[in-house]
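Examining the three-dimensional arrangement
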Amino acid sequence: MAGSHPLAGYTEFWDDVMADMEATAEEYREAGWDVLELHPGDVTPLPNVSTDGTEIEVDRTGFDVLLPGDEFAAAQDLLEGTEAAFDEYDAYRAQQSEVVFLVVVMKAEAAGEAVAFPLYYAERQAEPMLERADAAGELRAYLRPLDDSERVVFSLSDPGTLYPEDWGESTDEE
């Protein structure tokens, strides 16, 4: 399984997740929000390998989200153009086998602005990220263009809604 892409075999389901994101964004618009929709090209959990017992330091925990240049610019402009903080989020989760699919809506309630984007990850590949997030009580979404020259970062506090459905059940039982 090493080297296989998490969406291998799930592209139709990913298309459904994208449609769900668009429908969710429309529901927010109907409720009076201004919503920016993002369509990632790739999503990678960070870190995606264990660094336990090594001297490797990992400074990011969360999702590396590759965006088309125009969408990244729109997200960057939105965040620079509002004084309100994007400090709340809603997350909608679905799971197919060991692949988790998410629709995240970051909200700046005071400004009536929202940013909607889908995420995905293979549970096995994301274990190091999930363990770190569990300990820290936070994940981040690092939105970036292809050249990785800049990033827009969203903080996802209380990340339990982003975990696989059965996450932690085997570690809670002793």
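Here is a short report on the structure shown in this document. (Residues numbered from 1 in each chain as written. Predicted model: local features only at pLDDT ≥ 70, side-chain atom pairs only at ≥ 80, totals over all residues. Heavy atoms only, no water.)

1. Digging into the sheet that holds strand 4 (residues 88-96)
Sheet architecture is open: four strands sit in the order 1-6-5-4, paired in mixed fashion. For this open sheet the edge positions go to strand 1 (34-37) and strand 4, each flanked by a neighbour on one side alone. On average, adjacent strands in this sheet sit at an angle of 20° to one another, irrespective of strand direction. Relative to strand 5 (residues 99-108), strand 4 is paired through nine bridges, and the arrangement is antiparallel. Within the sheet, the bridge partner assigned to arginine 93 lies in strand 5 and is leucine 102. Where helix 3 (residues 123-136) meets the sheet, it contacts strand 4 and strand 6 (113-122), and its direction lies at approximately 120° from that of strand 6. (Pairing = 2+ DSSP bridges. Helix = DSSP H or I, 4+ residues; strand = E, 2+ residues; numbered from the N terminus. Axes fitted to C-alpha atoms, helices over the stretch in contact; angles between N-to-C directions. Contact = heavy atoms within 4.5 Å.)

2. Examining the packing of aromatic side chains
What characterises a pair of aromatic rings is the spacing of the ring centres plus the angle enclosed by the ring planes. This model, assessed by the stated rule, comprises seven aromatic pairs. For the pair tryptophan 14 and phenylalanine 101, a centre-to-centre distance of 6.3 Å together with 35° between the ring planes defines the contact as tilted. Separated by 87 residues along the polypeptide, tryptophan 14 in helix 1 (residues 11-30) and phenylalanine 101 in strand 5 bring together distant segments of the chain. When its relative accessible area of 10% is taken as the criterion, tryptophan 14 is described as buried. On the basis of an interplanar angle of 15° and a centroid distance of 6.0 Å, the ring pair of phenylalanine 117 and phenylalanine 154 is categorised as stacked. Here phenylalanine 154 lies in strand 8 (residues 152-157) and phenylalanine 117 lies in strand 6, a separation of 37 residues in the sequence. The exposure classification of phenylalanine 117 matches that of phenylalanine 154, with both residues buried. Grouped by ring-pair contacts, the aromatic residues Phe13, Trp14, Phe101 and Tyr120 constitute a single cluster. (Phe/Tyr/Trp six-rings, centres within 6.5 Å; stacked < 30°, edge-to-face > 60°. Buried < 20%, exposed > 50% of the residue type's maximum accessible area, 1.4 Å probe, protein only.)

3. Topic: the pattern of salt bridges
For the structure on display, the rule yields nine salt bridges. The closest approach of N and O atoms between glutamate 26 and arginine 29, which form a salt bridge, is 3.6 Å. Placement of both glutamate 26 and arginine 29 in helix 1 is noted, with a separation of three residues, approximately one turn of the helix. Residue glutamate 26 is classed as partly exposed on the basis of its relative accessible area, which comes to 38%. Among the residues examined, arginine 29 registers a relative accessible area of 30% and is labelled partly exposed. Note that glutamate 98 is salt-bridged to arginine 124, the shortest N-O span being 3.4 Å. Here glutamate 98, found in the loop between strand 4 and strand 5, pairs with arginine 124, found in helix 3; they are 26 residues apart in sequence, far enough to count as distant. For arginine 124, a relative accessible area of 49% translates into the label partly exposed. (Salt bridge = Lys/Arg side-chain N within 4 Å of Asp/Glu carboxyl O.)

4. Quick notes on the sheet that holds strand 2 (residues 42-46)
The strand order across the open sheet formed by four strands is 2-3-7-8, and the pairing between neighbours is mixed. Every other strand in the sheet has two partners, leaving strand 2 and strand 8 as the edge strands with one partner each. Each neighbouring strand pair of the sheet contributes to a mean axis angle of 20°, computed without reference to strand direction. Sheet topology places strand 2 next to strand 3 (residues 62-66); five bridges connect them, and they run antiparallel. Each bridged residue has a counterpart across the sheet, and for aspartate 42 the counterpart in strand 3 is leucine 66. On top of the sheet, helix 2 (residues 69-81) reaches strand 7 (138-144) and strand 8; it is set at about 70° to strand 8, its chief contact.

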